[in-house]
Amino acid sequence: MAMPGPVRTLMMATMLMAWPALAATPAPRADPDEAAFRATYRTLVETDTTLAHGDCTLAAARMADVLRGAGFAADQLVAYAAPDHPKEGGLVAVWPGRNPALKPLLLIAHIDVVEAKAEDWPRDPFTLVEEGGYFRARGAADDKAQAAIFVDALAHLARDHARPARTVKLALTCGEETNGAFNGAQWLAANARDLIDAGFALNEGGGGRTNGKPVASGGKVVAQSIQVGEKAFANFRIETRNKGGHSAAPRPDNAIYQLAHALDRIEATSFPVEFNDTTRAYFQAVGTARGDAMGAAMLALAADPNDKAALWTVDTDTFLHANLRTTCVATMLDAGHAPNALPQRARANVNCRIFPGHSVADIGHELERVIGDPDVAVTALPPLRPAPPPPPLDPSVIDPARRLVAKYWPGVVLAPAMANGYTDATFLTAAGIPTYGVPGLWGDPDGNGAHGLDERIEVQSLLTGRRFLNDLIRAYAF
């Protein structure tokens, strides 16, 4: 599921730790509005928005109050909620631009969070704590850090009575963290497309990485990425059935063994190497920056995808291996009905992350071909998400981000990257709104506890990332 910029980057750029460039992060500067931002951030983080017992609609309403207090008019704030999901609503805010010929800029952030059991945490997961140079709580990073920054950016526009050339919109959504739950981005794309219409959107998915030490303790930001595309997501049920019988009289057509043979064939299959514009640019940028054997192999493979020696080296890195192809892996098993009975049914869940350009149906047919047994059923499980092509490497989007990265972290290269996971960008891009995961916020190599215990974000990452993203939004809007 989705992770915030600094955390998702762990999936996208673990190898960037080898980059030689080390950039000092700009020292925090006095900001009279920082207290107001901290209050917005705390309010959002401390509003429980888990699926089981939280309330996204309440969180969105509290963010609407912030914007209303900054100067937004009532008709510039649109709350939404599906009648059958009253606590999974969200907010769309619109700050008008002065040039109707320019398509709007859309900022999107999900405000739902992964479940957090209080008994497992060292503190209340829904009380924001600042400790040891970090903010700690469920949602402190994923994705309420970016959501609060986006709210703050629009509040700034209102307080300044700003008149950007381009209209700036904000969509706060619910449901990104739970596959199959009501999804606000999907709902908006299907039911309120005009409301969120934009030339392009900024989302989670990009971000930075440190060299392993907190910046406040002398660490350095060594990488920044901008997400340009992501893999599609699909689960397949692989199932075998027969009439079973008594375990005292074994049969050759055992459903468990038949399933095991099918899974063996899936395990032994590697999908073909593929590149698109984003991954080729990533391999070239990162390969050049690394300057080591892996970097050389990345450059060689980008130049010739049939270079077997280069592929052998690159495939030793799990992220790069997955970034080059569709992957399918068994994740769950369920078989048999009694210890003393032959199984009547055996099934496994196989999770596939699909390289752009292939449909879910295409991959299902490929699994059937690989298994090679007509008695093994392959079924794509709902919900079936769209599989849009990646957005373009548009210089009008990439170049302003690249210039700001160079300003904030001299010597750090901004690399376009395709995520092996997925975000709500899937729904927006499929609806014709190219969506990019922004750089700016950074995380630690261990993932900062996203989706796990003691989720955290470095205080300096949040505050510097806020300044960076405000500058980036203004670069696009003015």
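See above for the structure.
Residues numbered from 1 in each chain as written. Predicted model: local features only at pLDDT ≥ 70, side-chain atom pairs only at ≥ 80, totals over all residues. Heavy atoms only, no water.

Remarks on the nonpolar core
The condition is simple: Put simply, a nonpolar core is a bunch of buried Ala, Val, Leu, Ile, Met, Phe, Trp, Tyr and Cys residues held in one set by side-chain atoms that sit within 4.5 Å of each other. Categorising residues by exposure relies on relative accessible area from a 1.4 Å probe, with only protein chains included: less than 20% of the type maximum marks a residue as buried, more than 50% marks it as exposed, and the intermediate range marks it as partly exposed. Numbered from the N terminus, helices here are DSSP runs of H or I no shorter than four residues, and strands are runs of E no shorter than two. Should any heavy atoms of two residues lie within 4.5 Å, those residues are counted as being in contact.
Core analysis: the largest hydrophobic core is formed by 70 residues, its most contacted members being Y41, L67, L107, L170, L172 and L202. By residue number, the principal contributor to this core is helix α4 (residues 144–159), which donates eleven residues. Apart from the residues lying within four places of it in its own chain, the contact partners of L172 are M63, Y80, G90, L91, A109, I111, A147 and V151. Listed in part, the 22 residues of the second largest apolar core include A234, L367, I371 and V376.

What about helix α8 (residues 293–303)?
The cut-off we apply is this: Note that the arc is computed from the directions linking the helix axis to the C-beta atoms. Pairs of N or O atoms within 3.5 Å make up the polar contacts considered here, provided that, within protein, one atom can donate a hydrogen while the other can accept it, and that residues adjacent in sequence are counted only when both atoms are side-chain atoms.
Among the residues making up α8, those that are buried are M294, G295, A297, M298, L301 and A302. Around the axis of α8, the buried residues are gathered within 160° of arc, so they sit on the same side. For α8, exposure combined with an orientation more than 90 degrees from the buried face picks out A293 and A303. Those residues of α8 hidden inside the fold are in contact with α7 (277–290), α9 (308–314) and α10 (318–323). Capping of α8 at its N-terminal end is provided by D292; its side-chain oxygen lies 3.3 Å from the backbone amide nitrogen of M294.

Side note on the state of the cysteines
Our working rule: The rule for a disulfide is simple: a pair of cysteine sulfur atoms within 2.5 Å.
In the structure shown here, the tally under the stated rule is two disulfides. Covalent S-S linkage joins C56 and C174, the inter-sulfur distance amounting to 2.2 Å. Its torsion about the S-S bond being 65°, the disulfide of C56 and C174 is classed as right-handed. Taken together, the positions of C56 in helix α3 (residues 56–70) and C174 in the loop between β6 (168–173) and α5 (184–191) put the pair 118 residues apart, joining distant regions of the chain. Across the pair, C174 and C56 agree in class, each one buried. Across a sulfur-sulfur distance of 2.1 Å, C328 and C352 are joined as a disulfide pair. Sign of the S-S torsion, about 115° for the bond between C328 and C352, identifies this disulfide as right-handed. Of this pair, C328 sits in strand β12 (residues 327–335) while C352 sits in strand β14 (residues 345–354), placing them 24 residues apart in sequence. The pair C328 / C352 is uniform in exposure class, with both members buried. Look at the protein chain and number its bonded cysteines as they come in the sequence; the links are 1-2, 3-4.

Remarks on the pattern of salt bridges
Here is the rule we go by: Within this document, salt bridges are pairs made up of a side-chain nitrogen of Lys or Arg and a carboxyl oxygen of Asp or Glu, the two lying within 4 Å of each other.
Counted according to the given criterion, the structure contains 25 salt bridges. Put simply, R251 and D253 hold a salt bridge, and the shortest N to O gap is 2.7 Å. Owing to a relative accessible area of 27%, R251 belongs among the partly exposed residues under this scheme. Notably, a salt bridge pairs D334 with R347, separated by 3.6 Å at the nearest N-O pair. Highlighted residues: D334 in strand β12 and R347 in strand β14, separated in sequence by 13 residues. Classification of D334 as partly exposed rests on a relative accessible area of 37%. Here the residues in one salt-bridge network are R237, E239, R241, D334, R345 and R347, joined through shared partners.

Read these as geometric descriptors, not functional statements.
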